[in-house]
Amino acid sequence: MEERLSQRVVKSGLWAFALRAVNRAFSFIRLIILARVLAPDDFGLMGIALLTMATLDTFSQTGFQAALIQKKDDIKSYLDAAWTVLILRGSILFAILYIIAPFAAHFFNAKEAEVIIRVIGLSFLIQAFTNIGVIYFQKELEFNKFFIYSFVGTLSDFVVAVSAALILKNVWALVFGSLAGSTAMCITSYFIHPYRPKFDFHLGKAKELFGFGKWILGSSILIFLITQGDDIFVGKLLGTTALGLYQLAYRISNMPATEITHVISQVTFPAYSKLQDNLPKLREAYLKTLQLTAFLSFPIAGLIFVLAPDFTRIFLGEKWMPMVPAMQVLAIWGLIRSIGATTGPVFQGVGQPKIVTKIQFVELILLVILIYPLSREYGILGTSLAVLFMGIVGGLAGSYMAIKVTMCSIRDFSKTLVFSFISSGIMSLSIFALKIYWLDLARIPISIFILLILLAGFIYLIMNYLFSIFFGYKENRIYKTLYELLQ
């Protein structure tokens, strides 16, 4: 049983990583094209619309998805009631968004955002009618099907957004792309899963799910305030253009957290739920997950920090250069966030989501204290510093609680991180020294940029190999697991 679960987890991880890699490839190309065609102000207007949507969405979260995944028993009897509640919720949110659009636009002093907010609000209705049966893809670790379901949305968003950007050359390209992606996923959900939901207004089952979901709601609100509160603050205090710059800097710099740990969390949460009554196996799975996360996240964050100016100049253009210092600070935050994000699935998997909520509350208080004085003094760089300080405290607290819940030793926890930290540090310093003292180029061409990335990867792998020889670092078990799976 355990062996079968282990293989399902690895297979699901492979599919999830493949999905994320394909999605990010399309998103990266889309980002480059749109950043070249559109202005930071266009991204800022779209950001205002998405922030308004996210505010309503977050403060009305049901937590049903996480509750259904975590639940040990058969969930079929819960699906119709949950689907009905989600449709009611989506309809109400769309109506509210339509009404408050003028007030949101006035708050950000961006009149153009009003109609954008109303149109993008259609996403609430579209997403609400998605076939709830797709929850089984995550619960049963069937990420090959989830790959198809998600990729259709990504491809639709890409085609529509890029085509509209080349024709319209304004913010509506982002709006139409987003709506196309949501519509494509909703339609695909009914083709890819046989379950056919029906309206069920006997909501006792939904109420039962909300018993677990209320902590997810609390956590979602705090996550929103932590991860979007800075955007709201920048948009209000510093303006639409600054918001566009900050949001893009945040998005690029947080690749380790949003790309790697998102995938890992998708797989590990249902796996931890199945192991919640087996502490030794749970502890072993968590440490392996932490090691894999560190192995991937540390070098990516290091490269983002060192090559941020070159990446921005080459791929985005000079108009985006003011965001570079913020991007470098947020790269460190992204690394801390990626390590901290490994703890959330553990707490949810063992049925203690309240731990996450409490840690996030502390983070929010710290952010509220720091963000205004730092942002007023240093602009979006100051906002980034406030987010970084908040992340350090939250990351330490989350790691401490994960050690306590899984009963692993501090020595074992630290050992999973230290070698990746040292290897990526040596890699980053080597690339930085190469840029400054050998290349001595103010503007690195794209060919040298690519060579630097390849060289960095080579240095990182060599350092890990040396650690495995002299210190017994077990990073090779990642490769071994994949090798055995493919036999």
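What you see is a predicted model, and the numbers here were worked out from it, not measured in a lab.

Caption draft 1: Structural context of the side chain of Lys435. Checked against the element boundaries, Lys435 lands in helix H19 (residues 410-439). Of note is the side chain of Lys435, whose polar atom sits 3.0 Å from the backbone oxygen of Val306.

Caption draft 2: Spotlight on helix H17 (residues 354-378). For H17, spanning 25 residues, the distance from its first C-alpha to its last is 35 Å, which sits close to the expected 36 Å at 1.5 Å a residue. Considering bend angle alone, the principal kink of H17 is centred on Ile371 and spans about 35 degrees; proline Pro373 follows within four residues of it. Taken together, the buried positions of H17 are Ile355, Val356, Thr357, Ile359, Gln360, Glu363, Leu364, Leu367, Ile371, Leu374 and Ser375. Gly379 sits one or two residues past H17 and shows a positive phi near 70 degrees.

Caption draft 3: Region of interest: the environment of Pro194. Mapped onto the fold, Pro194 is located in the loop between helix H9 (172-192) and helix H10 (204-227). Linking Pro194 and Val134, residues 60 residues apart in sequence, is a C-alpha distance of 9.2 Å.

Caption draft 4: Up close: helix H14 (residues 279-316). Along its 38 residues, H14 runs just 48 Å from first to last C-alpha, ending more than 12% under the 56 Å computed at 1.5 Å per residue. For H14, the principal kink sits at Leu307 and spans about 70 degrees; a proline, Pro309, occurs within the next four residues.

Caption draft 5: Highlighting a nonpolar patch on the surface. Among the surface-exposed residues, Leu155, Val159, Val160, Leu166, Ile167, Leu168 and Phe176 lie close enough to one another that they form a single nonpolar patch of about 590 Å² accessible area. Broken down by element, the residue count for the nonpolar patch peaks at six residues, all from helix H8 (residues 143-168). Along the chain, Leu168 turns up in helix H8. Relative accessible area serves as the criterion here: at 38%, Leu168 is assigned to the partly exposed category.

Caption draft 6: Structural view of the environment of Phe94. Structurally, Phe94 can be placed in helix H4 (residues 76-107). Along the chain, Phe94 and Leu122 lie 28 residues apart, while their C-alpha atoms are 6.6 Å from each other. Aside from chain neighbours lying at most four places away, what touches Phe94 is Arg118, Gly121, Leu122, Phe124 and Leu125.

Caption draft 7: Up close: the confidence of the model for the protein chain. Summarising the model, the protein chain shows a mean pLDDT of 78, and 76% of its residues fall at 70 or more. A low-confidence stretch, residues 478-487 stays under pLDDT 50, and its non-local contacts, those more than four residues away or across chains, total 11 contacts.

Caption draft 8: Layout of the nonpolar core. Counting 82 residues, the largest nonpolar core has Ile117, Ile252, Leu316, Trp320 and Met323 as the members making the most contacts within it. By residue number, the principal contributor to this core is H14, which donates 10 residues. Excluding its chain neighbours within four sequence positions, the residues that come into contact with Ile252 are Leu31, Ile304, Phe311, Leu316, Met323 and Met327. Of all hydrophobic cores here, the second largest spans 22 residues; its members include Leu282, Leu335, Ile403 and Phe413.

Caption draft 9: Spotlight on the packing of H17 against helix H18 (residues 380-406). The interhelical angle for the contact between H17 and H18, taken along N-to-C directions, is 160 degrees, at an axis separation of 7 Å. In terms of orientation, H17 and H18 fall into the roughly antiparallel class. Remark: the crossing between H17 and H18 carries right-handed chirality. By residue class, the composition of the contact of H17 with H18 is 20 nonpolar, seven polar and one charged.

Caption draft 10: Fine view of the packing of helix H11 (residues 229-237) against H17. At a closest axis distance of 11 Å, the pairing of H11 and H17 adopts a crossing angle of 45 degrees. Comparing the axis directions of H11 and H17 gives the class oblique. Crossing hand, H11 versus H17: right-handed. Together, Asp230, Phe233 and Leu237 of H11 and Ile371, Tyr372, Ser375 and Arg376 of H17 make up the contact between the two elements. Here the contact of H11 with H17 is built from residues that sort into four nonpolar, one polar and two charged.

Caption draft 11: The arrangement of unusual backbone geometry in detail. Residues other than glycine seldom take positive phi values, yet Lys169 does so here, at roughly 55 degrees. With respect to the secondary-structure elements, Lys169 resides in the loop between H8 and H9. A positive phi angle, close to 55 degrees, is found at Met407, a residue other than glycine. For Met407, a relative accessible area of 59% puts it in the exposed group.

Caption draft 12: Focus on the side chain of Thr312. With respect to the helices, strands and loops of the structure, Thr312 is situated in helix H14. On the basis of relative accessible area, Thr312 is assigned to the buried category, the value being 0%. Separated by 2.8 Å, the side chain of Thr312 and the backbone oxygen of Ala308 make a polar contact. When residues no more than four places from it in sequence are discounted, the contact partners of Thr312 are Gly317, Trp320, Met321, Met323, Val324 and Met327.

About the thresholds
For every chain, the first residue of the written sequence is number 1, and numbering continues from 1 along that sequence. Local features in this predicted model are restricted to residues of pLDDT 70 or higher, and side-chain atom pairs are both shown and tallied only at a pLDDT of 80 or more, whereas totals for entire chains, interfaces and linings draw on every residue. The side-chain figures draw on all heavy atoms in the structure; neither hydrogens nor water molecules are used. Each helix corresponds to a stretch of at least 4 residues labelled H or I by DSSP, and each strand to a stretch of at least 2 residues labelled E; elements are numbered beginning at the N terminus. Pairs of N or O atoms within 3.5 Å make up the polar contacts considered here, provided that, within protein, one atom can donate a hydrogen while the other can accept it, and that residues adjacent in sequence are counted only when both atoms are side-chain atoms. The span you would expect from a helix comes to 1.5 Å times its residue count less one. In this scheme, the bend at a residue equals the angle between the axes fitted to the seven residues that finish there and the seven that begin there. Burial status follows relative accessibility: with a 1.4 Å probe on protein chains alone, a residue under 20% of its type maximum counts as buried, one over 50% as exposed, and anything between as partly exposed. Patches here: salt-bridge-free residues with over 30% relative accessible area, like charges joined within 9 Å, nonpolar side chains (Val, Leu, Ile, Met, Phe, Trp, Tyr) joined within 5 Å. What sets the accessible areas is the Shrake-Rupley method with a 1.4 Å probe; for residues, cover comes only from the shown protein chains. Within this document, salt bridges are pairs made up of a side-chain nitrogen of Lys or Arg and a carboxyl oxygen of Asp or Glu, the two lying within 4 Å of each other. By definition, residues are in contact when any of their heavy atoms lie within 4.5 Å. The pLDDT value tells you how sure the predictor is about a given residue, anywhere from 0 up to 100. What is meant by a nonpolar core is a set of buried Ala, Val, Leu, Ile, Met, Phe, Trp, Tyr and Cys residues, joined one to another through side-chain atoms within 4.5 Å. All axes are obtained by fitting lines to C-alpha atoms, using only the stretch in contact for helices, and the reported angles, taken between N-to-C directions, cover 0 to 180 degrees. Roughly parallel means an angle under 35 degrees; roughly antiparallel means over 145; roughly perpendicular covers 65 to 115; every other angle is labelled oblique. By definition, any crossing whose near helix is turned counterclockwise from its far helix by less than a right angle is left-handed, and any crossing with a clockwise turn is right-handed. Residues are grouped as follows: Ala, Val, Leu, Ile, Met, Phe, Trp, Tyr, Cys and Pro are nonpolar; Asp, Glu, Lys and Arg are charged; every other residue, Gly included, is polar.

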